[in-house]
Amino acid sequence: MTDKFDVIVVGAGPAGCSSAIHLSRLGYDVLILEKGKVAGQKNVSGGVLFGKYLDKYGLINLIPNFEEEAPLERKITDHEVHMLSNVKTENNINSYKIKSITNNSLLSKLGFINTKISTGVDYTVLRSKFDRWFSMKAIEEGALLNTENTVENLIFSGNNVVGVQTTNEQLYADLVIDSSGVTSNLIEQTGLRAKLEPLDTYHGVKHVYELDKETIDKRFKLKNNCGKSLVYFGEFMHGVNGGAFIYTNNTTISIGIVFSLDSLMNKMTNNFDLIGKPVDILENFEKQPRINEYLKDATLVEYSAHNIPKGHKVMLNQPYINGYMATGDCLGAFVKIGPLIDGMRRAIATGIMAGETFDYARKNNDYSINSLSRYKELLQPIYSDINKSRFDSRLFENELAYTLTPKILFNFGSYDKIKCKITKDNISNQNSITKIQNKTGILDYEEDPDYSHIKINQKNCDNTEDKSWVPLCPVNCYTLVNNKGIFASFKDLYQYNLKLIAAKQTINVENDAKQLTLEDIKKSKVSFDHVACVSCGTCGVIGPKSSIIFNHERSGHGIKFRYG
Ligand SMILES: Cc1cc2nc3c(=O)[nH]c(=O)nc-3n(C[C@H](O)[C@H](O)[C@H](O)COP(=O)(O)OP(=O)(O)OC[C@H]3O[C@@H](n4cnc5c(N)ncnc54)[C@H](O)[C@@H]3O)c2cc1C
Ligand code: SF4
């Protein structure tokens, strides 16, 4: 392999592959470096991929026949939003309320919740298959794809980025396009932004269930291989900001929750008597009778989690330095407006725009910020969408959206009241370690016995008072260890203390158990094991750098999602 390229693209996700395809077609020498064994195996999405963006930046422009060629699941023709209440019992009858907003609803027509988001070429995808196909398209166009090769550092010459240092080698290029997603640590090396904070990101958890095609068609009222995107808000969130989604695939259903990480963290460290791990809220949602009907007899085949950037907080104002540009989630180009969860299309658009910018820079023979500023001009429509999502976040990402709004909708508007057998849909008290082990047990990992990609400072972690990254880790990488046992969530420790105190006294049991739990958290040691890590990035965001340093797995090790 030559060690000097026109462009090095870091990451073979949608952003990286689209840059590589665009640039290779123009005849440039492009190298894509991907940490996974194959593209897509470390990536997670909901995922509805919107196929069009403006008149030339959609997947349909890059690959006009993608509808015939790509491994797509179902064409999404319907986008629905539903507000769900918990189950209530009145006169011994259990029921819940549901308010549905579709294209024809008044709220949609008035523009409060926009469900008219279809572009006519929108499909559900599973990332493990889709990204692999997309990366093959880049190879067909002439790009070189080097997998199992993790980029660790940028190489600078003065103020210019001139290449990358991977786990094994140094590689050089006129331009480095960083498409390594929300967990990029290269971007911090450029000084374009600091480490992300909880307020800057969403955290998504997801289940994939297998179910035969006919049953999916019947339950979701689907025909001709079409699919639905369903987004839910409501009391099942227990006041955490965010929303749930259900997307229909061919023979699977993707179901998940996207939370505001700061709100989730707040809830889980202050209301740890209720929520043990983020997935508890997803499981609670799945128990809601309406959702439970969709999932009846389905088999859980994957559990995953990943962070997503809040575009309106972190999209870079200056997305380049000399010899370097950021695209996709790394740039922060993620838009969430009502039911619109839209990162892949933006990743593709920014990938193409970065490719166009390199072409312009090559013609000027100048890879400095003077030429690269062209990129910012191209990005203007995305900045404008990001501004709209900022407004939407004010409406939907605050406590009122989950307390007052449902009350107004259910008390004054029309809604359906549905009788059900389930009496209450409360979060279960199953021990988090066992619960998560059951989920990680169905995942594929390739352990790296000699290397941990996440480095923790044991003393600093032990001495941190709140240790909030422990319960927020979606798997069991972090646990609290003390003389009472090993705990993967604060809730489990609280449950232990509750029994202890209830055996001694009968008043103030809950309050005293909470106090004791807080003292125990402070005094507990932290144990860390990278083996089941899904590389979501959360501990790196929550933990201070003096305690936790998040890095990427090397040589293709770590999680290998089969669906994604
Ligand atoms: C639960 C959930 C639901 C979502 N739902 C939707 C949805 O319905 N629709 C939608 O459009 N978007 C959705 N998104 C967002 C969407 O997944 C992202 O916006 C999109 O994947 C961003 O693409 P990207 O190419 O920028 O980054 P990524 O997809 O994250 O790709 C980054 C690539 O870089 C590689 N990489 C990372 N670091 C390195 C390194 N140092 N060296 C080499 N390789 C590296 C990774 O392995 C990966 O292949 C969802 C996200 C989540 C988590
Ligand atoms: S160890 Fe960190 S990156 Fe890995 S799954 Fe847990 S929180 Fe996510």
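Predicted model only: the values in this text are computed from it and were never measured.

A. Expanded view of the domain arrangement of the protein chain. When its domains are assigned, the protein chain resolves into domain 1 (4–73 + 125–193 + 316–378), domain 2 (77–121 + 201–308 + 396–419) and domain 3 (432–560). One C-alpha centre belongs to domain 1, the other to domain 2; they are set 31 Å apart. Tallying the contact residues gives 21 residues for domain 1 and 26 residues for domain 2. Tallied by class, residues from the side of domain 1 that touches domain 2 come to 11 nonpolar, 6 polar and 4 charged.

B. Summary view of the site of ligand 2. Close to ligand 2 lie Ile-454, Cys-473, Pro-474, Val-475, Cys-477, Cys-533, Val-534, Ser-535, Cys-536, Gly-537, Thr-538 and Cys-539. In terms of residue class, the shell around ligand 2 is made up of 9 nonpolar, 3 polar and no charged.

C. Fine view of the site of ligand 1. Taken together, 42 residues sit near ligand 1, with Gly-11, Gly-13, Gly-204, Gly-328 and Gly-343 positioned nearest. Of all the elements in the fold, those that place two or more residues in the shell around ligand 1 are α1 (14–25), β3 (48–50), β12 (201–210), β15 (252–260), β16 (299–309), α12 (328–331), β20 (340–342) and α13 (344–364). Along the lines of polarity and charge, the residues of the shell around ligand 1 split into 17 nonpolar, 18 polar and 7 charged. Looking at the shell around ligand 1, you find at least three residues from each of domain 1 (4–73 + 125–193 + 316–378) and domain 2 (77–121 + 201–308 + 396–419).

D. Representation of helix α8 (residues 261–270). Burial runs high along α8: 7 of the 10 residues are buried. The set of residues buried in α8 consists of Leu-261, Asp-262, Ser-263, Leu-264, Met-265, Lys-267 and Met-268. Summarising the contacts, the buried residues of α8 are in contact with β12, β15, β16, α19 (469–472) and α22 (538–542).

E. Geometry of unusual backbone geometry. Residue Gly-47 follows Gly-46 across a cis peptide bond; omega there is 5 degrees. Following the sequence through the fold, Gly-47 ends up in the loop between β2 (30–33) and β3. For Asp-297, which is not a glycine, the phi torsion comes out positive at approximately 65 degrees. If you trace the backbone, Asp-297 turns up in the loop between α10 (289–295) and β16.

Conventions used here
Residues numbered from 1 in each chain as written. Chains lettered and ligands numbered in written order. Predicted model: local features only at pLDDT ≥ 70, side-chain atom pairs only at ≥ 80, totals over all residues. Domains from an automatic or database assignment. Contact = placed C-beta atoms within 7 Å. Nonpolar A, V, L, I, M, F, W, Y, C, P; charged D, E, K, R; others polar. Near = placed C-beta within 6 Å. Helix = DSSP H or I, 4+ residues; strand = E, 2+ residues; numbered from the N terminus. Buried ≥ 20, exposed ≤ 12 C-beta atoms within 10 Å, placed from the backbone.

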